Each structure stands twice: as structure tokens, then as C-alpha cells.
Amino acid sequence: MEAARLHAYTHEMDEALSFDTVDAPQPTHPTHVVVRVAGAGWCQTDNHIIEGMWDPYVDQPLPMTLGHENAGEVVATGEAVTTVTEGDQVICHPQATCGVCRPCRQGEDMYCEASFFPGLDTDGGFAEQLLTNERAVIPLPDGVDPVDIAPHADAGITAYHAAKKVARAVDPGDHVLVVGVGGLGHIGLQALAAMTATHITAIDVKAEARALARELGADATVDPTSEDVVAAVDAITDGGAAQLVDFVGSDVTTGYASDLLRAGGDHHVVGYGGHIHVPAQDLISNEVAYRGTLVGRYTELQELMALVAMDAVTLRSERFGFDAINEVAARLEAGKIEGRAVITPP
Ligand SMILES: [Zn+2]
Ligand SMILES: [Zn+2]
């Protein structure tokens with residue numbers, strides 16, 4: 001089968017991946033599931049992988065097929081698999097876990113001690129077929145098109161995971177800030193609007209993103225290029241927001257915590273690339289906290305699919321043919337993709 005593979009880390013996005021012919025995956029473990037990929041979301045994390053940013057964190061055997069936001073049809077299953085069968089339409093949670101280590105038993109799927117993550121540490125979904133396991137596949141509700149929703153496998157669930165933490169922490173009437181209304185932010189904003197009775201303020205440098213935020217449920221927007229963000233948020237929230245979800249994660253946005261949150265607030269870091277440099281005393285004086293966001297639980301992907309089936313969360317995405325994959329990488333690097341890009345493998 002054909003697969004788009006990374007052979008060496010590079011900053012040249014327009015020729016990052018090579019089109020190789022490789023063997024189609026087969027189930028070699030009783031819980032394995034092979035999925036014919038209908039749609040595979042392109043993610044900023046793919047750009048980060050290509051640049052080698054994940055090399056210090058995970059063992060990446062190059063050449064490797066990228067693609068961790070996958071949905072499609074089950075085509076083969078290991079002998080122990082009982083919950084899905086050939087022909088089922090599924091979305092693939094990016095991490096395939098063991099189910100029996102202590103974090104798995106606690107429901108902390110992302111902390112599994114014996115997992116694999118196709119597209120990050122094993123071959124992923126920029127190919128005709130993908131190998132994952134039974135725990136990682138979530139059957140799609142009737143009427144949900146796998147190509148439309150593929151990016152929810154990572155982008156959607158990550159945004160939802162942060163939104164659910166916010167939903168647990170807020171009371172009706174509280175203020176929530178959404179920083180960055182792009183590929184993840186526009187999903188997180190809708191999840192917050194669906195799950196909380198809060199006032200949502202979106203902060204984004206792009207006029208189109210602020211307009212989209214309004215359309216998707218934001219009550220107010222702030223433009224950092226023309227407004228004093230601290231003064232604007234102070235006026236809107238009357239002294240600070242209860243929670244802040246940072247879908248950008250730049251040096252500037254990670255600095256917002258102490259200025260924009262009220263006492264006891266959380267700054268959820270979802271986007272990444274920058275560094276957090278704040279005086280430790282800032283966290284002490286108002287007891288604000290930074291919280292990381294790592295994908296989400298299998299059950300949260302089921303919940304997100306329920307929101308999708310109810311039309312409470314819609315995904316802005318654009319489809320691209322398999323041949324356009326390096327063009328997509330270059331366009332995302334240049335900030336020229338609106339919403340999410342979905343690759344349709346051959
Ligand atoms: Zn992703
Ligand atoms: Zn485990």
C-alpha cells in the first residue's frame with residue numbers, strides 16, 4: 001500500500017514526507033484492529049514531529065508513517081476483538097493502550113505504561129490502512145462521516161478534554177477566556193458553550209477568528225493587536241476570569257495567567273511551542289495554576305462524538321488529496337489553513 005513517510009527530521013515542509021510503498025498492516029496481537037483510513041487530519045503536531053521536536057520525548061523509528069487523527073472502516077481484527085467487526089465505521093483515539101496497567105485501570109488512558117501511538121511512535125494513518133487496537137477505536141454514531149470528523153481523534157478530543165476540566169471547575173455566571181480560535185480553539189469554544197453556563201470571551205489576533213468565535217457562541221472578543229488585553233478583559237470580566245484555555249501556548253499567551261485570571265483560576269495550556277516564564281510568586285499570591293492538556297480519555301472521545309451527533313460541535317475542515325500532503329504541511333506552517341485539514345488517503 002502507499003504511505004506518506006518521514007525519513008529524516010527537516011524544516012523543509014514542502015518536501016517533508018515521501019510517498020513509499022509498504023506492506024499493509026496485519027493484526028499480530030489478539031486485540032489488534034486494522035482500519036482502512038477514510039480521513040486523516042493534518043495537525044500542527046505533525047509539523048512539530050517533522051522538525052524533530054518530539055524526538056527527545058518518544059522513540060521514533062524513522063522512516064515512519066505520520067498521521068494520528070484517523071477515522072475509517074474496520075477491515076481486520078485480532079481473534080480477541082469482540083466490540084467491532086469488519087465494516088464498522090470508527091474514529092481512532094490516537095493512543096492504543098494495554099487496559100491492565102494501573103493508569104489504565106484508573107481510566108487514565110493517556111498515562112498507559114504499555115501503549116503505542118500510531119503516527120508518533122509507530123506507523124500512522126497517512127496511508128491506506130492503519131494498525132491500532134480495540135480499546136482505541138470508538139464506533140461512530142449513525143450518519144457521522146469519518147472524513148468530516150477525523151480531526152476530532154486528536155484535535156477535538158484535546159480541546160474537549162480541556163473544556164471538560166473547565167466545565168467541572170466553573171459555576172453558572174463565571175467568565176471563561178478562550179485564547180486562539182483556530183483548529184482546536186473553535187472546537188473547545190463550542191464544547192464550552194454546550195457544557196457550561198458561562199460568559200465566554202475569545203482572544204485572537206485574526207478578525208476572521210473573532211468573527212467565527214461570535215458565531216460559535218462567544219459573548220465577547222478581544223483583539224490583542226489593537227486593544228490592551230488586560231484592560232479589556234478586566235472590563236469584560238469585572239476583575240478576572242475563572243478559567244482560561246490557551247490554544248496558542250506562545251511566550252505571550254502563557255504569560256496571561258496572572259493578569260487575566262481571578263484568584264484560584266486555572267490556565268489550561270493546550271497549544272505549545274513557547275515557554276512559561278512567570279515569577280513563582282505570581283502563582284502563590286493568587287493561587288492560580290497552570291494545567292497541561294494531553295489528548296483525553298476514550299470515554300471523552302465517546303462524549304465528543306455524542307456532541308457531534310447532536311450538532312452541538314461542528315468542525316471547520318478542508319479536504320485534501322493524498323498527493324497534496326506536503327503542500328498542506330507547508331501551508332499550515334505558514335498559517336494558511338482555516339480550521340483543520342483532512343487528508344484522504346488513496
Ligand atoms: Zn493532532
Ligand atoms: Zn495500560
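Everything here concerns the structure above.
Given the structure is predicted, the values throughout are model-derived calculations rather than measurements.

Student: Would you mind going over the coordination of the zinc ion (ligand 2) in detail, with residue names and values included?
Tutor: Each protein donor to the zinc ion (ligand 2) is listed here as Cys98 (SG), Cys101 (SG), Cys104 (SG) and Cys112 (SG); together their distances run 2.3 Å. Metal-centred angles of 101 to 119° between the four donor atoms at the zinc ion (ligand 2) mark the site as tetrahedral. All donor residues of the zinc ion (ligand 2) come from one chain, and their arrangement in sequence is C-x2-C-x2-C-x7-C. Judged by its relative accessible area of 29%, Cys98 falls in the partly exposed class. Given a relative accessible area of 10%, Cys101 falls into the buried group.

Student: Tell me what's going on with the sheet that holds strand β13 (residues 261-269), and back it up with residues and numbers.
Tutor: On the basis of which strands lie adjacent, the open sheet formed by six strands has the order β11-β10-β9-β12-β13-β14 and parallel pairing. Lying at the two open borders of the sheet, with one neighbouring strand each, are β11 (220-222) and β14 (289-292). Across this sheet, the average inter-strand angle for adjacent strands is 20°, counted without regard to direction. Of the pairings in the sheet, the one linking strand β12 (residues 241-246) to β13 comprises five bridges and is parallel in character. Counterpart to Leu244 in the pairing with β13 is His267. Against the sheet, helix α4 (residues 155-169) engages β9 (175-179), β12, β13 and β14, with an angle of about 175° to β12.

Student: Describe the nonpolar core, naming the residues involved and giving the relevant values.
Tutor: Counting 85 residues, the largest nonpolar core has Leu17, Trp42, Ile91, Phe126 and Leu189 as its most contacted members. For this core, the leading source of residues is α4, giving seven residues. When sequence neighbours within four positions are dropped, the list of residues in contact with Leu189 reads Val178, Val181, Ile200, Ala202, Ala213, Leu216, Gly217 and Ala218. Counting residues in each nonpolar core, the second largest holds 14 residues, with Leu177, Val233, Tyr256 and Val288 among its members.

Student: Quick rundown of helix α11 (residues 325-333)? Include the residues and the values.
Tutor: Along α11, the residues classified as buried are Ile325, Asn326, Val328, Ala329 and Leu332. In a view along the axis of α11, the buried residues occupy a sector of 155°, so they form one face of it. Along its buried surface, α11 packs onto β1 (2-6), β2 (17-21), β3 (32-42), α1 (44-50), β15 (317-321) and β16 (340-344). At the C-terminal side of α11, Gly335 shows a positive phi close to 70°.

Student: Quick rundown of the packing of aromatic side chains? Include the residues and the values.
Tutor: As enumerated under the stated definition, the model contains four aromatic pairs in all. Note on Phe19 and Phe322: the rings are 5.4 Å apart at their centroids and 65° apart in plane angle, and the pair reads as edge-to-face. Within this pair, whereas Phe19 is found in strand β2, its partner Phe322 is found in the loop between β15 and α11, the two being separated by 303 residues in sequence. Given the relative accessible area of 5%, Phe322 is considered buried. Taking 6.3 Å as the distance between ring centres and 90° as the angle between the ring planes, the aromatic pair formed by Trp54 and Tyr272 counts as edge-to-face. With Trp54 in the loop between α1 and β4 (64-65) and Tyr272 in the loop between β13 and α9 (280-286), this pair connects stretches of sequence that are 218 residues apart. Overall, Trp54 belongs to the partly exposed group, its relative accessible area being 21%.

Student: Lay out the pairing of strand β6 (residues 89-92) with the relevant residues and their values.
Tutor: Both strand β5 (residues 69-77) and β6 contribute to a ladder of four bridges, which runs antiparallel. Residue pairing across strands places Asn70 opposite Cys92, the latter belonging to β6. With three bridges joining them, β6 and strand β8 (residues 137-139) adopt antiparallel strand pairing. Residue Val90 lies in a different strand from β8, and its bridge partner there is Pro139.

Student: Can you break down the coordination of the zinc ion (ligand 1) residue by residue, with the values?
Tutor: Any two of four tetrahedral donors ideally make an angle of 109.5 degrees at the metal, while pairs among six octahedral donors ideally make 90 or 180 degrees. On the protein side, the zinc ion (ligand 1) has Cys43 (SG), His68 (NE2), Glu69 (OE) and Asp154 (OD) as donor atoms, found 1.8 to 2.3 Å from it. Each of the four donor atoms around the zinc ion (ligand 1) contributes to a set of angles spanning 97 to 128°, which defines the coordination as tetrahedral. Read in sequence order, the donor residues for the zinc ion (ligand 1) give the motif C-x24-H-E-x84-D.

Student: Can you tell me about the sheet that holds β4, naming the residues and giving the values?
Tutor: Ordered by their spatial adjacency, three strands build an open sheet running β2-β1-β4, and the pairing between neighbours is antiparallel. Among the strands making up the open sheet, the edge pair consists of β2 and β4. The pairing of β1 with β2 spans five bridges and is classified as antiparallel. If you follow Ala4 over to β2, its bridge partner there is Phe19.

Student: Describe in detail helix α7 (residues 229-237), supporting the description with residues and values.
Tutor: Within the sequence span of α7, burial applies to Val229, Ala232, Val233 and Thr237. The arc that holds every buried residue of α7, seen down its axis, measures 110°, which confines them to one face. Each element contacted by the buried residues of α7 is listed here: β9, β10 (199-203), β11, β12 and α8 (257-260). Two or three places before Val230, at the opening of α7, Asp228 has a side-chain oxygen 3.1 Å from that residue's backbone nitrogen.

Student: I'd like to hear about the environment of Ala312, residue by residue, with values.
Tutor: Tracing the backbone shows Ala312 in the loop between α10 (298-309) and β15. Owing to a relative accessible area of 29%, Ala312 belongs among the partly exposed residues under this scheme. On a C-alpha basis, the gap between Ala312 and Ala193 in space is 8.8 Å, while along the polypeptide they are 119 residues apart. Dropping the residues within four chain positions of it, Ala312 is found in contact with Gln190, Ala194 and Leu307.

Conventions used here
Residues numbered from 1 in each chain as written. Chains lettered and ligands numbered in written order. Predicted model: local features only at pLDDT ≥ 70, side-chain atom pairs only at ≥ 80, totals over all residues. Heavy atoms only, no water. Donors = N, O, S within 2.8 Å, 3.2 Å for Na, K, Ca; no water. Tetrahedral: all angles 85-135°; square planar, octahedral: opposite > 155°, others 65-115°. Buried < 20%, exposed > 50% of the residue type's maximum accessible area, 1.4 Å probe, protein only. Pairing = 2+ DSSP bridges. Helix = DSSP H or I, 4+ residues; strand = E, 2+ residues; numbered from the N terminus. Axes fitted to C-alpha atoms, helices over the stretch in contact; angles between N-to-C directions. Contact = heavy atoms within 4.5 Å. Core = buried A, V, L, I, M, F, W, Y, C linked by side-chain atoms within 4.5 Å. Arc of directions from axis to C-beta. Phe/Tyr/Trp six-rings, centres within 6.5 Å; stacked < 30°, edge-to-face > 60°. Polar contact = N/O pair within 3.5 Å; in protein donor to acceptor, adjacent residues only side chain to side chain.

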